[in-house]
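Chain and residue survey
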Amino acid sequence: MLKKRFKEKIYKSYNVKIVGIKNNQLGIFNCNNQTSNNGLRNKQNPNNRLNNKQNSNSENNINSFKFKIFTGKFKLNKTLLKYVKVDENSKVYNSKGERITLVKKLGSGGEGTVYLGSNQKAIKIINKPEKLTVSYKEKIEFMAKNNISIKSPYRYSKNICWPQDVIYDSSNNFLGYSMECVNSITLYDLVMQIETDKSSYGIFNLTKIEIVNIIIRILEMFSYLHSMNVIVGDIKMENIVFRLNERGIPDINQIYFVDVDSYQIDKFPATAVSQGFIAPEFKSDEYRTLAEDNFAIFTLIFMILFKGIKPYNQIKNEGNNTTYEDDVHNGRFPYSNNEKATLNKIPPGYPKYCWSHLPKYIRNAFISVGWLQGYNFEPQKRLSSSKWLYL
């Protein structure tokens, strides 16, 4: 990571844009410290960043289009729908009755199989009968009706692979939904330097400036979703992808969020969670909170900077058999500004170099959120995506 006193100099030499504050406003600034044409957002309301083509009316549209917030315990209609098995070359239909052929299988996950449709969209078909419930169908219909890439002028809204249309069979049985099709690799593949059949490109191919810009872009997208009262819920590296260019190299300026159907939207709760990103206060039968997302964002940023190492991974001495979850709940964050104490706790190798090279204000931010005695450890005090952007 860049030393703070050299950051401005290095940013200038690479001619990049940075997030910063000027004249009591938060904006994107060029290396010469002049405000860029990407627009400004008020310091008191940093979530509504607009591009240079959007006027004040567009900003008002963003502010007016928000989902409702629900708290407490939720109820789901778990009545199962008819399960219909489909495969490559099957014919399916969208809400307009247009026929679509499932041309090619692109991949499978825990809940569904994704196909390339003849309409050049990605078609997610639910392949687990127990997941095919009335509540899930209602959620997809609600999301397709309230497509943020259409209703919102925010420039990154199209990079969130929101359900665009509902997919049925010829008998009008619900099957899944269509979304943007992106030839991509995941952030997990990039960070873990995993060679895939699509790309052998990884994070060690990137400069420090490029890694910082990836984090900034991801934080901007989270900030936008939270401004719309959308709780992501299942934040993890596998759900963030990079579009590949014709040479199989990920375009770090083309970042997409996937598995959006698990998001918490209005009365429909988040339906997935991943180990290592779960906040201490998580309860499986309650609506997720912004604070829980903020804990996962803290974990995600740390893992990007530390090449996949989780923030509470640490050396276990004899007699210390606590689990990762125990360490999270008790705020046993192993990193501090005491170099000797840190080296005695953290995993050997790369982490010690990464931690020592972080600017102190970034180290302090991690400590404040991760450590039990940290100022921002309590759920309601955790740093949001917008506050991380201020750093």
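Described below are features of the structure shown in this document.

Topic: the overall build of the protein chain
- The number of helices and strands found in the protein chain is 12 helices and 12 strands.
- Looking at the 391 residues of the protein chain, the share that counts as buried comes to 51%.
- Taking all contacts inside the protein chain whose residues are at least 6 apart in sequence as the whole, residues at least 24 apart take part in 57%.
- Counting only carbon and sulfur atoms, one obtains 47% of the accessible surface of the protein chain, whose full area is about 19,300 Å².

Some remarks on the pattern of salt bridges
- In total, this model carries 10 salt bridges according to the counting rule given.
- Across the pair Asp-285 and Lys-73 runs a salt bridge whose closest N-O atoms are separated by 2.6 Å. Taken as a pair, Asp-285 in the loop between β12 (250-257) and α7 (290-305) and Lys-73 in the loop between α2 (56-64) and β4 (91-93) lie far apart in primary sequence, 212 residues in all.
- The class for Asp-285 is partly exposed, based on a relative accessible area of 34%.
- Ionic contacts of the salt-bridge type, sharing partners, join the residues Lys-316, Asp-327 and Arg-332 into one network.

A few points about the layout of surface pockets
- Quantified by volume, the largest pocket comes out at close to 1,000 Å³.
- Looking at the largest pocket, it is lined by 37 residues, and the ones nearest its centre are Gly-107, Ser-108, Val-114, Val-258 and Asp-259.
- At the level of secondary structure, the elements contributing two or more residues to the lining of the largest pocket comprise β5 (99-108), β6 (112-117), β7 (122-126), β9 (174-179) and β10 (184-186).
- A per-element tally of the lining of the largest pocket places β5 first, with four residues.
- Of the residues that constitute the lining of the largest pocket, the class distribution is 13 nonpolar, 12 polar and 12 charged.

So, the environment of Thr-71
- Tracing the backbone through its elements, the reader meets Thr-71 in the loop between α2 and β4.
- Sequence separation of Thr-71 and Glu-286 is 215 residues, and the distance between their C-alpha atoms is 7.1 Å.

Considerations on the side chain of Thr-133
- Here Thr-133 is to be found in the loop between β7 and α3 (134-145).
- Taking the relative accessible area as the measure of exposure, Thr-133 reaches 13% and is therefore buried.
- Not counting residues up to four positions away in its chain, the partners in contact with Thr-133 are Asn-77, Lys-78, Thr-79, Leu-80 and Leu-81.

A closer look at the sheet that holds strand β11 (residues 240-244)
- Spatial ordering of the open sheet is given by β10-β11-β12, a layout of three strands whose pairing is antiparallel. Bordering the open sheet on either side are β10 and β12, each of which pairs with just one other strand. Between one strand axis and the next, the sheet turns by 35 degrees as a mean value, whatever way the strands run.
- Summarising the sheet, β10 and β11 pair through three bridges and their orientation is antiparallel. If you follow Ser-184 over to β11, its bridge partner there is Arg-243.
- Relative to β12, helix α6 (residues 208-227) is tilted by about 20 degrees, and along the sheet it contacts β11 and β12.

Some remarks on the packing of α6 against α7
- Two elements in contact, α6 and α7, have axes whose closest approach is 11 Å; the angle formed by their N-to-C orientations is 170 degrees. Considering the angle they form, α6 stands roughly antiparallel to α7. Residue-level contacts link Ile-211, Ile-215, Ile-218, Leu-219, Phe-222 and His-226 of α6 to Leu-290, Asp-293, Asn-294, Ile-297, Leu-300, Ile-301, Ile-304 and Leu-305 of α7.
- Considering only residue class, the contact of α6 with α7 consists of 11 nonpolar, two polar and one charged.

Things to note about helix α10 (residues 350-357)
- Where α10 is concerned, the buried positions are Pro-351, Cys-354 and Trp-355. For α10, the arc enclosing every buried residue in end-on projection is 95 degrees, short of the 170-degree limit, so these residues lie on one face.
- Contacts made by the buried residues of α10 are with α7, α9 (339-343) and α11 (360-370).

Quick word on the side chain of Arg-363
- Within the secondary structure, Arg-363 sits in helix α11.
- Here Arg-363 is buried and forms no salt bridge, its nearest opposite-charge partner Glu-339 lying at an N-O distance of 8.8 Å.

Points about the packing of aromatic side chains
- Under the criterion given, the structure shown has 23 aromatic pairs.
- Arranged with centres 6.4 Å apart and planes meeting at 70 degrees, the rings of Phe-298 and Tyr-312 form a pair that is edge-to-face. With a gap of 14 residues between them, Phe-298 in helix α7 and Tyr-312 in the loop between α7 and α8 (324-329) connect regions that are remote in the sequence.
- A relative accessible area of 1% means that Tyr-312 is categorised as buried.
- Seen in terms of ring centroids, Phe-333 and Trp-355 are 6.2 Å apart; in terms of plane orientation they differ by 70 degrees. Their pairing is edge-to-face. Taken together, the residues Phe-333 in the loop between α8 and α9 and Trp-355 in helix α10 connect sequence positions 22 residues apart. In this pair, the class of Phe-333 matches that of Trp-355, namely buried.

Quick notes on the environment of Phe-377
- By the element assignment, Phe-377 lies in the loop between α11 and α12 (385-390).
- Through-space distance from the C-alpha of Phe-377 to that of Ile-367 is 8.6 Å; in sequence the pair is 10 residues apart.

Procedures and definitions
Residues numbered from 1 in each chain as written. Predicted model: local features only at pLDDT ≥ 70, side-chain atom pairs only at ≥ 80, totals over all residues. Heavy atoms only, no water. Helix = DSSP H or I, 4+ residues; strand = E, 2+ residues; numbered from the N terminus. Buried < 20%, exposed > 50% of the residue type's maximum accessible area, 1.4 Å probe, protein only. Contact = heavy atoms within 4.5 Å. Areas by Shrake-Rupley, 256 points an atom, 1.4 Å probe, with all protein chains shown as cover. Salt bridge = Lys/Arg side-chain N within 4 Å of Asp/Glu carboxyl O. 1 Å grid on protein atoms, 1.4 Å probe; cavity = no way out; pocket = protein on both sides within 12 Å on 5 of 7 lines; lining within 4 Å. Points joined across faces, edges and corners; volume = space filled by probe spheres on them. Nonpolar A, V, L, I, M, F, W, Y, C, P; charged D, E, K, R; others polar. Pairing = 2+ DSSP bridges. Axes fitted to C-alpha atoms, helices over the stretch in contact; angles between N-to-C directions. Parallel < 35°, antiparallel > 145°, perpendicular 65-115°, else oblique. Arc of directions from axis to C-beta. Lys, Arg positive; Asp, Glu negative; His and termini not counted. Phe/Tyr/Trp six-rings, centres within 6.5 Å; stacked < 30°, edge-to-face > 60°.

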